[in-house]
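# Breakdown of the fold
Chain by chain, the residues run as shown.
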Amino acid sequence: MGLDYKFVLWNKHKKTYDKFIALGMVLYLILFFVLTLVTNAELTVETIIIRAFGSLAIIVLHIILIIGPLTRLNPKYLPILYNRRHLGVSMFLAALVHGLFSIINFHTLGDKNPIVSIFTSNMDYGSLHNFPFQVLGFFALLILFVMASTSHDFFLKNLSPKIWKQLHMLVYLAYALVILHVFLGAFQQETSLFTIGILILGFLMISGLHVIAAFKEGKIDSAKGELDSNGWLKVCYTDEIEESRAKIFTVKNERVAIFKNEDKLSAIHNVCKHQGGPLGEGKIVDGCITCPWHGYQYLPHNGQSPPPFTEKVNTYELKVLEGIVYINPDAMAEGTEVAPIVC
Amino acid sequence: MELIINVFLIVLGLYFGLGLIFGLYFVFIGGTKLDSFLKDSKKIVRLLLFPGVIATWPFLLRKLLNTEQDDS
Ligand code: HEM
Ligand code: FES
């Protein structure tokens, strides 16, 4: 939430992660080259480059898709989530190298425009085993380009978080296209069993984790409390909430985080204004509720970011009777002051 | 089929061509009207934003036109 944009939001942790990513990718490429040269010496360098970068891109894509549900199952993985954007851009660059080398290798020798050639060199669109699979790769690369190029916070703010999120949900479409690209390509190229095996395992893992995470969240969502005579919802005992931490509840289909700060309770909407991070999974740091994803801060008593920042979230009224916390299910307007309740 | 492919690729090319022109305007002039943060940011940030502006220019153009209407 700076007042200017940085080239890249780097801090010490992120630099360490980025070095880790870069090192991992380089090591993978070296290993791929050595192993391929040993096992299949007659391949050309171009083919090895195409395969090395293509498989690298799809492995990183798997990691990216697994991070989301993994952090929902276990907050321990949150630090990786902060770095997901850098991972995304790295994946796009690897896919770009793969795509460019494929285009140079297969589509620049004729007199047609290389992009037209991707679409027209094989017109067997009706066939399954001879489908022009490179077209699918082209569309996937296009989506990855849009996502990577708009990953900066500038676009999150100026495209509006809703459109940005919709654009970035396209990653699932890209994933589907890449899977088809590789499977349909496998009928025509001698794609290794290793690659196919990784894809099948990866698909099972990604879909499995998404289902488990959705199931777990569904459980939180369906936890229903009792209403008192004023229509306030009974949510928990005061001692169930740890100091400087929150518990998350669903009130009228909205997630609400109830925080304890110096033995007083405050409730705010659980969704961070930055990218929808779960505020209730964060801590109170220096008197401010601090989003666990990228550190946006909000004051517990009014849901406003401390000046000069201007973000605001909804607040909720609470009351405590005999050690039981009740919440008024009707949200207050964003940034409304609500005095914290002594437990 | 050839026809569909050709039309599609021409539309795609036009989209990115217009995006390129809008992108040049946006990173040098228009962007700061939309977002005052950009004025105080380093110039290299604008270079980084350039590809994304090309990719999403209709959204940014719409927003730019709306803010200009509000100003006048
Ligand atoms: C313009 C876009 C693309 C083109 C022209 C293209 C072209 C190709 C070609 C020609 C092959 C067969 C290579 C061979 O085995 O000799 C291939 C395989 C492959 N591609 Fe792409 N591709 C594109 C985009 C992508 C993207 C975006 C991804 C992933 C993120 C991807 C991942 C793969 C993978 C994993 C393989 C299998 C590699 C192997 O055989 O081990 N491709 N692609
Ligand atoms: S989602 Fe980024 S700080 Fe909350």
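As shown above, the structure is provided for reference.
Residues numbered from 1 in each chain as written. Chains lettered and ligands numbered in written order. Predicted model: local features only at pLDDT ≥ 70, side-chain atom pairs only at ≥ 80, totals over all residues. Heavy atoms only, no water.

### Observations concerning empty space enclosed by the protein
Residue and element names in this part refer to chain A. Counted under the stated rule, the structure contains one cavity of 30 Å³ or more. Each pocket or cavity is described by its volume, and for the largest cavity that value is around 40 Å³. Lining the largest cavity, in full, are Tyr-28, Ser-55, Ile-58, Ile-59, Phe-194, Thr-195 and Ile-198. Classifying every residue of the lining of the largest cavity by side-chain character gives five nonpolar, two polar and no charged. (1 Å grid on protein atoms, 1.4 Å probe; cavity = no way out; pocket = protein on both sides within 12 Å on 5 of 7 lines; lining within 4 Å. Points joined across faces, edges and corners; volume = space filled by probe spheres on them. Nonpolar A, V, L, I, M, F, W, Y, C, P; charged D, E, K, R; others polar.)

### Here we look at the interface of chain A and chain B
Opposite the 27 residues of chain A that make contact, chain B presents 29 residues. Between chain A and chain B, roughly 2400 Å² of surface is buried when both sides are summed, and carbon and sulfur atoms account for 79% of that area. Applying the counting rule to chain A against chain B returns zero salt bridges. Remark: the boundary between chain A and chain B carries one residue pair in polar contact (both at pLDDT 80 or more). (Contact = heavy atoms within 4.5 Å. Buried area = accessible area lost by both parts, 1.4 Å probe. Salt bridge = Lys/Arg side-chain N within 4 Å of Asp/Glu carboxyl O. Polar contact = N/O pair within 3.5 Å; in protein donor to acceptor, adjacent residues only side chain to side chain.)

### Notes on the site of ligand 1
Residues and elements named next belong to chain A. As a structural note, the neighbourhood of ligand 1 is formed by 23 residues, with Arg-51, His-98, Ser-102, His-181 and Thr-195 the closest of them. Here a nitrogen atom of ligand 1 and a side-chain polar atom of His-181 are 2.8 Å apart. Secondary-structure elements contributing two or more residues to the shell around ligand 1 are helix H2 (45-73), helix H4 (84-107), helix H6 (133-149) and helix H9 (171-186). Ranked by residues supplied to the shell around ligand 1, first place goes to H2 with seven residues. Residue classes in the shell around ligand 1 are distributed as ten nonpolar, twelve polar and one charged. (Near = heavy atom within 4 Å. Helix = DSSP H or I, 4+ residues; strand = E, 2+ residues; numbered from the N terminus.)

### Considering the nonpolar core
Leu-56, Met-91, Phe-119, Leu-279, Ile-289 and Tyr-298 of chain A are the most contacted members of the largest nonpolar core, which has 68 residues in total. In terms of residues, this core owes the most to one element, H2 of chain A, which gives 13 residues. Mapped onto the domain boundaries, this core takes at least three residues apiece from domain 1 (12-220) and domain 2 (227-342) of chain A. Sequence-distant contacts of Phe-119 of chain A, that is, excluding residues within four places in its chain, are made with Tyr-125, Val-135, Phe-138 and Phe-139 of chain A together with Ile-5, Phe-8 and Leu-9 of chain B. If you look at the next biggest cluster of nonpolar residues, it comprises 19 residues, including Leu-156 and Leu-167 of chain A together with Phe-26 and Val-53 of chain B. (Core = buried A, V, L, I, M, F, W, Y, C linked by side-chain atoms within 4.5 Å. Buried < 20%, exposed > 50% of the residue type's maximum accessible area, 1.4 Å probe, protein only. Domains from an automatic or database assignment.)

### What about the pattern of salt bridges?
Residue and element names in this part refer to chain A. One pass over the full model with this rule turns up four salt bridges over all chains. In this structure, the salt-bridge partner of Asp-153 is Arg-85, at a minimum N-O distance of 3.2 Å. Taken together, the residues Asp-153 in helix H7 (residues 153-158) and Arg-85 in helix H4 connect sequence positions 68 residues apart. Here Asp-153 falls in the buried class, since its relative accessible area comes to 17%. Two residues, Glu-334 and Lys-273, come together in a salt bridge whose shortest N-O distance is 2.7 Å. One end of the pair, Glu-334, is in the loop between strand E10 (324-327) and strand E11 (341-342); the other, Lys-273, is in the loop between strand E4 (264-269) and strand E5 (283-285), and 61 residues separate them in sequence. Residue classification places Lys-273 among the partly exposed positions, given a relative accessible area of 35%.

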